[in-house]
Amino acid sequence: LWLPLLTAAASVASAQQRPLVTEDPETIGAGNILIEGGFDSERDAVYPASGLTGNLLRVPTLGVSFGFSSILELQVDVGLYNHLNITSIQPAPLSDKLELTGDETSDVGDVVVATKIRFVSEGPGRPGIGVRLATKLPIASNESGLGLDTMDFYVSSLFGKTVSSVRIVGNFGLGILSDPVEGDRQNDVVTYGLSFARALSPGLEFVGEINGRLSTRNERTPPGTETRSAIRTGVRFTHAAVRFDGGLIFGLTSRDPSFGFTAG
C-alpha cells in the first residue's frame, strides 16, 4: 500500500537530496513517498535568452518521489512560483517576445520528470551505482522571460559510497538541450556533480557540493544552454520522518547567480 507520508525514516532519508542537487543512487524504497518542499532566493540570476538579470525567488519548490520498488523511483519536481525583480535588461535573441509590465516578472517553473534506477547496491569495497533519466517539460514561457519553451533530456550515471561518517556521491552524464531560437538545433552538454555529507551528531549533517554542466559547442552556443556551475553548502537536521535543511549557493560562472540561499 502507498503511504500518505514518508515512513521508515532512517533508510529513506539517506536518499533525500535537499539542499543539494547531486543525485544519490539510493532510492527511497518500495511503497514510500518522499515529499520535499522549500524555497530558493538567488541574487543576480541571469537569463541569457531573454536578456533579463535580477533577483529571483522560487517559492515553493516542490518535489515528490514515488518508490515503485527497492531499485526504482519516479520523481516530479517543480517551482510553483518564480518571481524576478529585474535589475537590468539587455538585447537578447528572445527579448522581442517579452511581455513585461514594470520591473518585475513571474511565472510557473518548468516541470522535471525523472526515473532513477539503482543497479548495484553499495557494499564492502564498492559504491552504489545507478542511473537517472530526466525530461524537462516547458511550462515557463518565454513571454515572461523566465522560460525557453523547449524540452530537454538528461541521462546521468550515479555513484555513492559511505566512508566512516562521510557520504560521497558523484554524478556524470549528458544533457540534450534544445535551441530556443532555431528549433532544428541542440546543444549537447556534459553534466557533473560531486557532493559530500558529513555527520556531525545524531541527526545533524554538514553538506556541500559542486554541480553544473559544460557546453560542448565550439561555435555559437544556443542561449540558455551555456556552461553553468555552482557550489552549495549547508546543513541538514533529521528528526523521525522529517528533515529540515538550509544552504548557501555560490555561482562560479558569469551566468550563475552571484549568491543565493535555500531552505526547506
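These numbers come from a predicted model, not from an experiment.

Trainee: Tell me what's going on with the side chain of Thr61, and back it up with residues and numbers.
Mentor: Here Thr61 is to be found in strand β2 (residues 52-67). In this structure Thr61 comes out as buried when scored by relative accessible area, which is 10%. Leaving out residues up to four positions away in the same chain, Thr61 has contacts with Arg18, Glu36, Gly37, Gly38, Phe39, Asp40, Val78 and Gly79.

Trainee: Tell me about the packing of aromatic side chains, and name the residues and values.
Mentor: All chains considered together, the criterion is met by three aromatic pairs. Residues Phe39 and Phe261 carry aromatic rings whose centres are separated by 5.9 Å and whose planes lie at 85° to one another, so their mutual orientation is edge-to-face. Here Phe39 is found in strand β1 (residues 33-47), whereas its partner Phe261 is found in strand β14 (residues 259-263), with 222 residues between them in sequence. Since its relative accessible area comes to 36%, Phe261 is described here as partly exposed.

Trainee: An account of the pattern of salt bridges is needed here, citing residue identities and associated values.
Mentor: Tallied over the entire structure, the rule returns 18 salt bridges. The salt bridge partner of Arg220 is Asp179, with a shortest N-O separation of 3.2 Å. Pair noted here: Arg220 is in the loop between β11 (204-215) and β12 (228-239) and Asp179 is in the loop between β9 (166-178) and β10 (186-201), with a separation of 41 residues, a long-range link. Among the ionic pairs, Arg217 bridges to Glu219, the shortest N-O distance being 3.6 Å. The class of Glu219 is partly exposed, set by a relative accessible area of 49%. One salt-bridge network, in which partners are shared between bridges, spans Glu23, Glu73, Lys116 and Arg132.

Trainee: Before we move on, could you go through the nonpolar core and cite the residues and values that matter?
Mentor: Counting eight residues, the largest nonpolar core is built from Ala45, Tyr47, Leu52, Leu56, Leu84, Ile86, Leu98 and Leu146. Going through the elements one at a time, β1, β2 and β4 (82-89) are the ones with two or more residues in this core. Those residues in contact with Leu84 that lie beyond four places of it in its chain are Ala45, Tyr47, Leu52, Gly54, Asn55, Leu56, Asp103, Glu104, Thr105 and Leu146.

Trainee: Talk me through the confidence of the model for the protein chain; I want residue IDs and the actual numbers.
Mentor: Across the protein chain, the average pLDDT comes to 92, with 94% of residues at or above 70. Element-level pLDDT for the protein chain is lowest in helix α1 (residues 9-13), with a mean of 42, against a maximum mean of 98 in strand β7 (residues 128-137). The model gives residues 1-13 a pLDDT under 50, and that stretch makes 25 contacts with residues more than four places away or in other chains.

Cut-off values and rules
Residues numbered from 1 in each chain as written. Predicted model: local features only at pLDDT ≥ 70, side-chain atom pairs only at ≥ 80, totals over all residues. Heavy atoms only, no water. Helix = DSSP H or I, 4+ residues; strand = E, 2+ residues; numbered from the N terminus. Buried < 20%, exposed > 50% of the residue type's maximum accessible area, 1.4 Å probe, protein only. Contact = heavy atoms within 4.5 Å. Phe/Tyr/Trp six-rings, centres within 6.5 Å; stacked < 30°, edge-to-face > 60°. Salt bridge = Lys/Arg side-chain N within 4 Å of Asp/Glu carboxyl O. Core = buried A, V, L, I, M, F, W, Y, C linked by side-chain atoms within 4.5 Å. pLDDT = per-residue confidence, 0-100.

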